[in-house]
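Chain by chain, the residues run as shown.
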Amino acid sequence: MMAKTPKPPHTGNGELTIARQAHPVAFSLHYLDNRGQRSAKGGLTGSPDVMRDAFREGRVHLALDDGKGFDVSIIAHAEGSPTAYFESATSLR
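What counts as what
Residues numbered from 1 in each chain as written. Predicted model: local features only at pLDDT ≥ 70, side-chain atom pairs only at ≥ 80, totals over all residues. Heavy atoms only, no water. Salt bridge = Lys/Arg side-chain N within 4 Å of Asp/Glu carboxyl O. Helix = DSSP H or I, 4+ residues; strand = E, 2+ residues; numbered from the N terminus. Buried < 20%, exposed > 50% of the residue type's maximum accessible area, 1.4 Å probe, protein only. Pairing = 2+ DSSP bridges.

Novice: Please clarify how the pattern of salt bridges should be interpreted in this entry.
Specialist: One side chain can pair with another of opposite charge once the charged atoms of both are near each other. For the coordinates displayed, the defined rule picks out four salt bridges. Measuring nitrogen to oxygen at the nearest pair gives 3.2 Å for the salt bridge that ties aspartate 49 to arginine 52. Highlighted residues: aspartate 49 and arginine 52, both in helix α1 (residues 48-57), separated by three residues, approximately one helical turn. Residue aspartate 49 is classed as partly exposed on the basis of its relative accessible area of 45%.

Here is the structure:
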């Protein structure tokens, strides 16, 4: 039996809203389907200051370039890095 080939990540540019302020970001995410609930996890790249603020805020809104948007929880960020990692905080529609 052959192992399933993982799907390539969905990548693009979007906006991360932190405390009602939108910031441009690039994203790379994988959609997950867990018992009928669709979610996502991945990484964001933007200004190191924005990534730090998003990590401190914890839960922020990510709007994708295809019109989809959802709340995400920033789960990892290293001080000074332009990259942060997230999981969706709510099911995707």
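Novice: Even after reading the chapter, I still don't get the pairing of strand β2 (residues 21-34), so can you show me in this structure?
Specialist: Across a regular strand the side chains alternate sides, sitting on one face of the sheet and then on the other. The pairing of strand β1 (residues 10-18) with β2 spans nine bridges and is classified as antiparallel. Of the residues in β2, the one forming a bridge with glycine 14 is valine 25. Between β1 and the antiparallel strand that follows it, β2, lie two residues; alanine 19 among them carries a positive phi value of about 50 degrees. Alignment of β2 against strand β3 (residues 37-45), held across nine bridges, turns out to be antiparallel. From the neighbouring strand, serine 28 faces β3, where its bridge partner is glycine 43.

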